[in-house]
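Structure at a glance
Okay, here's what each chain looks like letter by letter:
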Amino acid sequence: MKTFYIETFGCQMNAHDSEKVVGTLLEKGYTQVEEPGQAHLVLYNTCSIRDKAEQKVFSRLQQFKREAGRGKVFGVLGCVAQQEGERIFDRAPHVSLVAGSASYTRLPDMLVQLEAGNRRVTGLDLNTTETFDTPFTRRDNPHRAYITIIEGCDKACAYCVVPFTRGPERSRTSESVIREARSLAELGYTEIQLLGQNVNSYRDPSHAGWDFARLLAETGKIPGIRRVRFTTSHPRDFVRPIVQAIDENELLCDHVHLPVQSGSSEVLSRMQRLYTRDEYMRRIEWIKNARRDIAITTDIIVGFPGETEAEFEATLRLAEEVEYDSMFIFKYSKRPKTSALQYEDHIPEEEKTRRLMVLQERQRATQLRRNAAYIGTVQEVHVEGYNLATRQWIGRTTQNKTLNFYEPDLPVPADGKTLVGQYLDVLVTRSGPNSLAGERAASPPVQ
Ligand code: 5AD
Ligand code: SF4
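A brief report on the enclosed structure follows.

Calculation rules
- Residues numbered from 1 in each chain as written.
- Chains lettered and ligands numbered in written order.
- Predicted model: local features only at pLDDT ≥ 70, side-chain atom pairs only at ≥ 80, totals over all residues.
- Heavy atoms only, no water.
- 1 Å grid on protein atoms, 1.4 Å probe; cavity = no way out; pocket = protein on both sides within 12 Å on 5 of 7 lines; lining within 4 Å.
- Points joined across faces, edges and corners; volume = space filled by probe spheres on them.
- Helix = DSSP H or I, 4+ residues; strand = E, 2+ residues; numbered from the N terminus.
- Nonpolar A, V, L, I, M, F, W, Y, C, P; charged D, E, K, R; others polar.
- Core = buried A, V, L, I, M, F, W, Y, C linked by side-chain atoms within 4.5 Å.
- Buried < 20%, exposed > 50% of the residue type's maximum accessible area, 1.4 Å probe, protein only.
- Contact = heavy atoms within 4.5 Å.
- Phe/Tyr/Trp six-rings, centres within 6.5 Å; stacked < 30°, edge-to-face > 60°.
- Axes fitted to C-alpha atoms, helices over the stretch in contact; angles between N-to-C directions.
- Parallel < 35°, antiparallel > 145°, perpendicular 65-115°, else oblique.
- Left-handed = near helix turned anticlockwise from the far one by under 90°.
- Pairing = 2+ DSSP bridges.

1. Some thoughts on empty space enclosed by the protein
- Under the defined criterion, the tally for this structure stands at 1 cavity of 30 Å³ or more.
- If you trace the largest cavity, you find it lined by Leu316, Ala319, Glu320, Met327, Leu359, Arg362, Gln363 and Thr366.
- For the lining of the largest cavity, the element with the most residues is helix H13 (residues 349-372), which contributes 4 residues.
- Residues that form the lining of the largest cavity fall into these classes: 4 nonpolar, 2 polar and 2 charged.

2. As for the nonpolar core
- Counting residues in hydrophobic clusters, the biggest one holds 54 residues, and the most contacted among them are Ile149, Leu194, Phe212, Leu216, Phe230, Tyr280 and Leu359.
- When sequence neighbours within four positions are dropped, the list of residues in contact with Leu359 reads Ile300, Val302, Phe312, Thr315, Leu316, Ala319, Met327 and Ile329.
- With 20 residues, the next largest nonpolar core counts Val42, Phe74, Val76 and Ile88 among its residues.

3. Here's the deal with the packing of aromatic side chains
- Applying the stated rule across the entire model yields 8 aromatic pairs.
- Centre to centre, the rings of Tyr104 and Phe132 are 5.3 Å apart; their planes meet at 70°, and the pair counts as edge-to-face. One end of the pair, Tyr104, is in the loop between strand E5 (95-99) and helix H5 (107-115); the other, Phe132, is in the loop between strand E6 (121-123) and strand E7 (144-148), and 28 residues separate them in sequence. The residues Tyr104 and Phe132 share a single accessibility class, namely buried.
- Summarising the aromatic geometry, the rings of Tyr159 and Phe304 are spaced 6.5 Å apart at their centres and angled 85° between planes, so their arrangement reads as edge-to-face. Placement of Tyr159 in the loop between strand E8 (150-151) and helix H6 (162-165) and of Phe304 in the loop between strand E13 (295-302) and helix H12 (309-322) is noted, with a sequence separation of 145 residues between them.
- The exposure class assigned to Phe304 is buried, which follows from its relative accessible area of 0%.

4. With respect to unusual backbone geometry
- Across the junction of Thr231 and Thr232, the peptide omega takes the value 5°, indicating a cis bond.
- Tracing the backbone through its elements, the reader meets Thr232 in the loop between strand E11 (227-231) and helix H9 (240-248).
- Of note, the phi angle at Lys337 is positive, near 70°, even though the residue is not glycine.
- For Lys337, the position within the fold is in the loop between strand E14 (326-331) and H13.
- The phi dihedral of Arg391 falls on the positive side, at around 55°, and the residue is not glycine.

5. Re the packing of H12 against H13
- Taken N-terminus to C-terminus, the directions of H12 and H13 make an angle of 15°; their axes are 10 Å apart at the nearest point. Classified by the angle between their axes, H12 and H13 sit roughly parallel to one another. The handedness of the crossing between H12 and H13 is right-handed. In contact with Glu309, Phe312, Thr315, Leu316, Ala319 and Glu320 of H12, H13 contributes Glu351, Arg354, Arg355, Val358, Leu359, Arg362 and Thr366.
- Considered class by class, the residues forming the contact of H12 with H13 number 5 nonpolar, 2 polar and 6 charged.

6. Focus on the sheet that holds strand E16 (residues 392-397)
- On the basis of which strands lie adjacent, the closed barrel formed by 5 strands has the order E15-E16-E17-E19-E18 and mixed pairing. Averaged over all adjacent pairs, the angle separating strand axes in this sheet is 50°, with direction ignored.

So, in structure tokens, the structure goes:
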């Protein structure tokens with residue numbers, strides 16, 4: 001029996017790529033196991049967005065080095081694979097497979113070569129027009145499904161390694177996206193998440209010629225689908241019809257993740273983000289002026305080369321003005337091949353940490369305030385799980401907020417009585433900086 005183990009690092013694109021890799025391997029007769037110790041084929045699907053993420057895979061590879069050769073084959077997939085290429089064989093000689101996501105259509109081929117006893121197999125070509133479109137996806141979640149709509153990235157943000165690790169932008173045809181969404185709905189999935197490094201630059205390559213707003217609107221019309229989300233957006237390509245589509249169809253979730261990276265136009269220009277602070281704020285206004293209460297979240301990099309105290313303060317001011325519902329804050333990390341490497345005025349690590357903490361503290365206060373405003377309201381949640389320790393069900397609102405709740409009639413999940421996957425109304429009674437808590441608003445019989 002051929003067995004494999006896979007561990008995934010990084011973003012949702014990577015998580016979904018792994019689902020496709022797993023599906024492809026199962027189709028080829030492999031069995032998935034939970035421990036690397038039990039597997040013939042050990043795969044790491046890696047992330048290289050920051051140095052720390054990259055280091056993780058090399059420490060993993062060291063852990064199991066002694067088991068190589070005893071019938072065990074190691075493979076490195078994803079962004080570190082693409083970025084480091086054959087250098088991985090020097091750093092970890094027991095690795096046999098190195099493949100980036102732009103080569104995954106060749107994965108079945110590469111597996112055959114490995115099975116034939118080939119010592120080293122690589123898939124590193126970035127010049128592709130193909131997307132990794134496989135019918136064999138093994139999804140992790142039975143209710144919520146990812147659908148890739150666009151792969152790669154054509155932007156050139158000065159700090160970002162992704163254009164070098166995922167290849168050029170390739171959009172799938174709208175027909176194939178809608179077909180996949182329909183078949184997922186028929187299988188019982190109710191929540192769809194449209195994925196891409198930059199979903200807003202989606203361009204239907206077929207004669208239909210849909211843009212992203214149209215694709216989003218059409219996905220929201222598929223019978224059986226209750227929620228549609230999308231990630232991630234680039235502000236430059238974020239257009240008003242996206243907000244209009246959300247406004248018109250309540251199945252399109254009330255949440256936009258719009259990474260700003262910095263609140264200073266000077267820093268944004270050095271980052272080559274292709275928008276100014278004012279242009280970004282115009283998009284925020286569209287979102288805030290919508291009829292629906294759309295949550296806004298963002299990513300911010302502190303300590304980009306040359307970021308002055310005044311420029312950092314511009315980020316603090318922007319954050320106060322937008323009042324984000326949630327924020328991911330990162331300390332700038334040097335990445336290979338990126339144009340920011342040319343800058344010499346790097347910010348000391350302690351100063352990056354200080355800025356991160358100052359911003360984090362302000363953001364915590366904002367989230368406390370924003371979340372408290374939900375107390376007394378009824379929110380529909382999609383139930384995701386049950387927390388045995390707190391005896392609460394875990395739900396998610398349309399705005400992507402975690403809302404934990406008690407269900408007095410059903411204190412402990414029992415077979416056939418689980419609420420996971422259901423959509424329920426919950427009365428919010430408490431709030432914290434990172435989540436809401438409440439009770440079932442009404443208790444119709446559980447099916
Ligand atoms: N250093 C720090 N953060 C980075 N990100 C991307 N590249 C870097 C880097 N070199 C952050 C950005 C992006 C998020 C996914 O990761 O904020 O939006
Ligand atoms: Fe990490 Fe970016 Fe690659 Fe996703 S695309 S795995 S975040 S480097």
